[in-house]
2 protein chains.
Amino acid sequence: MNSEQIQELKAHIGNAIVFDDSETLRSRRFDRWCIKHYRDWRGQNVEAPACVVRPQCAEDVQKTVNFARDRQIAIIPFGLGSGVCGGVEADSSQLMLDMSDMNKMGDINEIDLLATFEAGTNGLVAEEAVAAKGLTIAHWPQSIGISSVGGWVSTRASGQFSTAYGNIEDIVYSVEVVLPNGDLVTLGKAPRAASGPDLRHLIMGAEGTLGIITKVTLSLRRQPEHRETSAYYAPSMEAGFVAQRQLVQSGWQPPVMRQYDASEVARNFPDYVHDDSALILLVHEGPRSRVVAETQATSELMQSLGLTPADHKVTEKWLENRNHVPEWTDLLKQGLIADTIEVSASWTKIDEVYENVVAALGTVPSIVNASAHSSHVYRSGINLYFTFACMPEDAADMESLYFECWDKALEATAAAGGGIAHHHGSGRLRKPYIHHDLGEGGIEIFKTVKKALDPDGLMNPGNLMPD
Amino acid sequence: MNSEQIQELKAHIGNAIVFDDSETLRSRRFDRWCIKHYRDWRGQNVEAPACVVRPQCAEDVQKTVNFARDRQIAIIPFGLGSGVCGGVEADSSQLMLDMSDMNKMGDINEIDLLATFEAGTNGLVAEEAVAAKGLTIAHWPQSIGISSVGGWVSTRASGQFSTAYGNIEDIVYSVEVVLPNGDLVTLGKAPRAASGPDLRHLIMGAEGTLGIITKVTLSLRRQPEHRETSAYYAPSMEAGFVAQRQLVQSGWQPPVMRQYDASEVARNFPDYVHDDSALILLVHEGPRSRVVAETQATSELMQSLGLTPADHKVTEKWLENRNHVPEWTDLLKQGLIADTIEVSASWTKIDEVYENVVAALGTVPSIVNASAHSSHVYRSGINLYFTFACMPEDAADMESLYFECWDKALEATAAAGGGIAHHHGSGRLRKPYIHHDLGEGGIEIFKTVKKALDPDGLMNPGNLMPD
């Protein structure tokens, strides 16, 4: 995209929403992917887009997509920039669509529990708007204060309360999207349908490669009547997984159930360390009588399995601090390169995933932390959220150590039969490993669909799927 | 497909699994789509496939798909033939893949609650196999005794217990499918993933147009500790919908909640008629203490909203008889052409859908029944299951009356803002109305994907999407 084309675009869709000043371009060089912050901190060049468009409405998006397609210019979508897997990376030939000005909210339907948000709406702003009416989206990613509703959908996000309330695909009612051909399409009309494949799922998780999400309608919940918290010590991660499995498979649904290994207990809840125990935090919510029944049943089950009660204040403490997002540069300045890696596996595989990944990370030179907690429970399995940190003598080694940690963790996960991406999306970071989840056959299906919907390959090229 | 090609196919994949005897061909002329039974009963010619292949394994399916593609022969999949929307219709140039011999079951994993079934496995056989281990698929379509696991996935089926346990898309863990290019692909590896779009959703609901499902792994549940039933009279359908909405939006999840209008109460539960009241049947299941809490809360809520308790034996009666499937010819011989039409809508639209569809059906000449019940509840809305019956003087008029009923019902549903297909699939019957759900944009996406994956248009041509 050359400067002549930028001027042409300004004339086409309006000066006011096309930016090519260096400050704007610099601010859109990357999202929250750790490695970009590292490179920037090291003074390495991190490329910026040719220009940034801030659409005000779906028509602006359509016009931009059509303009870019006519000139074979690639489009990189940018929500609120909370991504951590390298899904957003524009070079100086490319156009960035910054969705942050598309943040209007539609009416909140208090009968149907439906609310519509433009894609760039901040998650917490959306939640607070429905909360004012006694409702909740019930989608609480740690990034809620810095992520967008469109980004949630685009990356197949999960929230902290997913064990009862589901992940974003269980909350989305409909999605409006601008396709690579410029068409504006709304997918999802009814509470449930059997009118062919559920096409919303082509857009959820596509990370901008199949179109630009412009608007999302979410199916809300009423705020629960009652909430209680509880906490238990498990003698080992394995024993804790057994307890979580039994609880969920018995039909109980605490929206939050998180299990920290001893290393994470020491780091996150130092006042609650208990030998080498793992710590499970639970939030129970819903009608009061059901919450009472659930806390009672949970207590009985946990203790019958050899777990012991912990002070539930630790769960309250977690609730208070749960949406803090660290700044990478603060860690870098301390000499640390760190990240989190979320994966999932069925129950019979999760112990091996936990042990093997922690062991694999432990072989990386200069590693100072390799730990995990679980945070999303299913009938058939659970996720794990690993945290690693390396502290090399020479900061120049950080990048290769970073990728070595990711490689060791994802290869160990796959070797133990786990899935390599639970809820942060895949981006460029997991691209080399995505065959473990999809198989060559699945990748081929995606590529065939991509080629059909985006024949020129202009939507977020280089993201998600191997070349 | 000519007889030479049939011989060639026999030589290619084995005599024993290729059938072109007239008895076999006749038996595969149609599934349970009412109108085909009508035509057959009237002595009209109903076309049969050129030959029927009964694959024994995925490799047989691949070989058949490759053979057919090389010769540009269309393939029509046939599960166990319980479809009611015209998704299966082969002409004498086409090859039918009868999946009924692919009915082997894999191991049942009692830790992960996973069980794998070949696509042709009978639903009730599958359920009974896991029930023997104290587990349940928890998917109970009325057709469970005559439908296949692959058919459930292919048509996006719902079961009677869906309000708590979800529809088939909430139960499928992974799907194995033979693509139009002959590739065998398994989609779905982990309890949950964010590794690109969830490609399982391309296969679920595709009704054979994008590939042949060969195997399905389902995520099971443990059988509930306790079950109770209850029943309530609502002074009107509207009042009943309000009560169902309030119950579900309060966070309660009875797996079964069905609301019959006065006409259906009189027909199905004549001993339980109460003025012109609608009747709501509920099944409460799960851990005992939760069931007790739920039945108590349900009773309080229902009565606070002006509903009155009915004898819960009516729910027991429904439980006993719920899987009966009528034979169309029995009705035809009584002079009746009848069918059911399931749709869905958000809460604010459901009253209008109910009233307008019943009224619209009432304008069809010779109509003797236009009634409805609801059976699947969501946070944002509910389904309706209409039943119509016409009894014309001249049986020759039945076909046009049948299509008039469908047309009036689906157009009235769409005009009131409802979705035209809840869970039977769409087939040829809903094809002319599918734009109401997908929009022209959605249809275009599907066609683009179809063209990419099945460039020769050989997989179940003519089904699902408008030409």
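Parameters at a glance
- Residues numbered from 1 in each chain as written.
- Chains lettered and ligands numbered in written order.
- Predicted model: local features only at pLDDT ≥ 70, side-chain atom pairs only at ≥ 80, totals over all residues.
- Heavy atoms only, no water.
- Helix = DSSP H or I, 4+ residues; strand = E, 2+ residues; numbered from the N terminus.
- Rg over C-alpha atoms; globule rule 2.2 N^0.38 Å.
- Contact = heavy atoms within 4.5 Å.
- Lys, Arg positive; Asp, Glu negative; His and termini not counted.
- Charge placed at Lys NZ, Arg CZ, Asp CG, Glu CD.
- Buried area = accessible area lost by both parts, 1.4 Å probe.
- Salt bridge = Lys/Arg side-chain N within 4 Å of Asp/Glu carboxyl O.
- Polar contact = N/O pair within 3.5 Å; in protein donor to acceptor, adjacent residues only side chain to side chain.
- Nonpolar A, V, L, I, M, F, W, Y, C, P; charged D, E, K, R; others polar.
- Domains from an automatic or database assignment.
- Buried < 20%, exposed > 50% of the residue type's maximum accessible area, 1.4 Å probe, protein only.
- Least-squares fit on C-alpha atoms with pLDDT ≥ 70 in both.
- Axes fitted to C-alpha atoms, helices over the stretch in contact; angles between N-to-C directions.
- Parallel < 35°, antiparallel > 145°, perpendicular 65-115°, else oblique.
- Left-handed = near helix turned anticlockwise from the far one by under 90°.
- Pairing = 2+ DSSP bridges.
- Phe/Tyr/Trp six-rings, centres within 6.5 Å; stacked < 30°, edge-to-face > 60°.
- Lys NZ or Arg CZ within 6 Å of the ring centre and 35° of its normal.

J.: So, the overall build of chain A: which residues are in play, and what are the values?
T.: Looking only at helices and strands, chain A features 16 helices and 18 strands. At 22 Å, chain A has a C-alpha radius of gyration in line with the 23 Å of a compact globule built from 467 residues. Overall, the C-alpha framework of chain A stretches about 70 × 60 × 40 Å when taken along its three principal axes. By sequence separation, contacts in chain A at least 24 residues apart represent 73% of the contacts at least 6 residues apart. Measuring between centres, the 40 positive side-chain charges of chain A sit 4 Å from its 61 negative side-chain charges.

J.: Account for the interface of chain A and chain B, with residues named and values stated.
T.: With 85 residues of chain A at the interface, the matching set in chain B holds 85 residues. The largest share of the area that chain A buries against chain B comes from Lys189, Arg192 and Arg379 of chain A, three residues that together contribute 14% of it. Our enumeration of links across chain A and chain B arrives at two salt bridges. For Glu169 of chain B, the salt bridge is made with Arg192 of chain A, and the minimal N-O distance between the two is 2.6 Å. Taken together, the links from chain A to chain B amount to 49 residue pairs in polar contact (both at pLDDT 80 or more). It is helix H16 (residues 435-453) of chain A that provides the largest number of residues to the side of chain A that touches chain B, a total of eleven residues. A class-by-class count of the residues in the side of chain A that touches chain B yields 39 nonpolar, 32 polar and 14 charged.

J.: Hey, could you go over the domain arrangement of chain A for me, with residue numbers and the actual values?
T.: All names here are of chain A. On domain assignment, one finds that chain A holds domain 1 (3-100), domain 2 (103-222), domain 3 (226-321) and domain 4 (328-423). Between domain 2 and domain 3, the residue contacts involve six residues of the former and eleven residues of the latter. Where domain 2 abuts domain 3, roughly 650 Å² becomes buried across the two surfaces, and 59% of that area is made up of carbon and sulfur atoms. When the buried surface of domain 2 facing domain 3 is broken down by residue, Gln160, Phe161 and Thr163 rank first, second and third, together holding 72% of it. Where domain 2 packs against domain 3, one counts two residue pairs in polar contact (both at pLDDT 80 or more). A per-class count over the side of domain 2 that touches domain 3 returns three nonpolar, three polar and no charged.

J.: Requested: an account of the side chain of Thr64 of chain A, with residues and values cited.
T.: Mapping Thr64 of chain A onto the fold places it in helix H4 (residues 58-70). For Thr64 of chain A, a relative accessible area of 0% translates into the label buried.

J.: How would you sum up unusual backbone geometry? Please name residues and give values.
T.: All names here are of chain B. Unlike most non-glycine residues, Ala138 shows phi in positive territory, near 65 degrees. Here Ala138 lies in the loop between strand S7 (135-136) and helix H6 (149-155). Phi at Asn460 is positive, roughly 45 degrees, even though this residue is not glycine. Structurally, the position occupied by Asn460 is in the segment after helix H16 (435-453).

J.: Can you break down the environment of His423 of chain B residue by residue, with the values?
T.: As for its placement among the helices and strands, His423 of chain B is situated in the loop between helix H15 (398-415) and H16. In this structure His423 of chain B comes out as buried when scored by relative accessible area, which is 7%. Between the alpha carbons of His423 of chain B and Glu327 of chain B there is a distance of 20 Å; along the sequence they are 96 residues apart. Sequence-distant contacts of His423 of chain B, that is, excluding residues within four places in its chain, are made with Arg192 and Ala194 of chain A together with Thr155, Arg156, Ala157, Ser158, Glu342, His376 and Tyr385 of chain B.

J.: Describe the relation of the copies chain A and chain B, naming the residues involved and giving the relevant values.
T.: For the pair chain A and chain B, the best superposition has an RMSD of 0.0 Å and corresponds to a rotation of 180 degrees with a translation of 0.0 Å parallel to the axis. Between the two chains, the operation in question is that of a two-fold axis. Interface overlap between copies is the fraction of interface residues in one copy that are interface residues in the other; for chain A against chain B it reaches 100%, indicating a shared surface.

J.: So, the packing of helix H9 (residues 237-249) of chain B against helix H14 (residues 347-362) of chain B: which residues are in play, and what are the values?
T.: Residue and element names in this part refer to chain B. At a minimum axis distance of 10 Å, the contact between H9 and H14 shows a crossing angle of 155 degrees. With respect to H14, the axis of H9 lies roughly antiparallel. Crossing handedness for the pair H9 and H14: right-handed. Of the residues in H14, those in contact with Met237, Glu238, Phe241, Gln244, Arg245 and Gln249 of H9 are Trp347, Ile350, Asp351 and Tyr354. For the contact of H9 with H14, a count of residues per class yields five nonpolar, two polar and three charged.

J.: An account of the pairing of strand S6 (residues 114-118) of chain B is requested, with residue identities and associated values reported.
T.: Residues and elements named next belong to chain B. Burial analysis of S6 places four of its five residues in the buried class, which makes it a mostly covered element. The pairing of strand S5 (residues 105-109) with S6 spans three bridges and is classified as antiparallel. Across the sheet, residue Ile108 finds its bridge partner in S6, namely Ala115. Connecting the antiparallel pair S5 and S6 is a turn made up of four residues, with Leu113 showing a positive phi of about 55 degrees. Here S6 pairs with strand S10 (residues 212-219) via five bridges, running antiparallel. Bridge assignment links Thr116 to a residue of S10, and that residue is Thr217.

J.: Please set out the packing of aromatic side chains residue by residue, giving values where relevant.
T.: Taken as a whole and judged by the stated rule, the model has twelve aromatic pairs over all chains. Between Phe161 of chain A and Tyr165 of chain A the ring centres are 6.4 Å apart and the planes differ by 5 degrees, which places this aromatic pair in the stacked class. Each of the two residues, Phe161 of chain A as well as Tyr165 of chain A, counts as buried. An angle of 85 degrees between the planes, with centres 5.2 Å apart, marks the rings of Tyr402 of chain A and Phe403 of chain A as edge-to-face. Given a relative accessible area of 30%, Phe403 of chain A falls into the partly exposed group. Three or more aromatic residues joined by ring pairs form one cluster here, namely Trp33, Phe388, Tyr402 and Phe403 of chain A. Here the basic side chain of Arg322 of chain A rests over the ring of Trp318 of chain A, its NZ or CZ set 5.9 Å away from the ring centre. Taking the ring centre of Phe19 of chain B as reference, the NZ or CZ of Arg54 of chain B above it sits at 4.7 Å.

J.: For the environment of Gly442 of chain B, give the residues involved together with the corresponding values.
T.: Within the fold, Gly442 of chain B resides in helix H16. The spacing of Gly442 of chain B and Ala372 of chain B is 70 residues in sequence and 29 Å in space, taken between C-alpha atoms. Once you skip the residues sitting within four places of it in the chain, Gly442 of chain B turns out to touch Val185, Leu187 and Leu199 of chain A.

J.: Explain the side chain of Gln244 of chain B residue by residue, including any values.
T.: Residue and element names in this part refer to chain B. Mapped onto the elements of the fold, Gln244 is located in helix H9. Of note is the side chain of Gln244, whose polar atom sits 3.1 Å from the side chain of Ser374. Excluding residues that lie within four positions of it along the chain, Gln244 makes contacts with Met257, Gln259, Ile280, Trp347, Ser374, Val377 and Ile382.

J.: With reference to specific residues and values, describe the sheet that holds strand S3 (residues 75-78) of chain A.
T.: Residues and elements named next belong to chain A. With mixed pairing, the four strands of this open sheet are ordered in space as S1-S2-S4-S3. On the outer flanks of this sheet lie strand S1 (18-19) and S3, each paired with one strand and no other. Alignment of strand S2 (residues 51-53) against strand S4 (residues 95-98), held across three bridges, turns out to be parallel. Considered in S4, the bridge of Val53 is made with Leu97.

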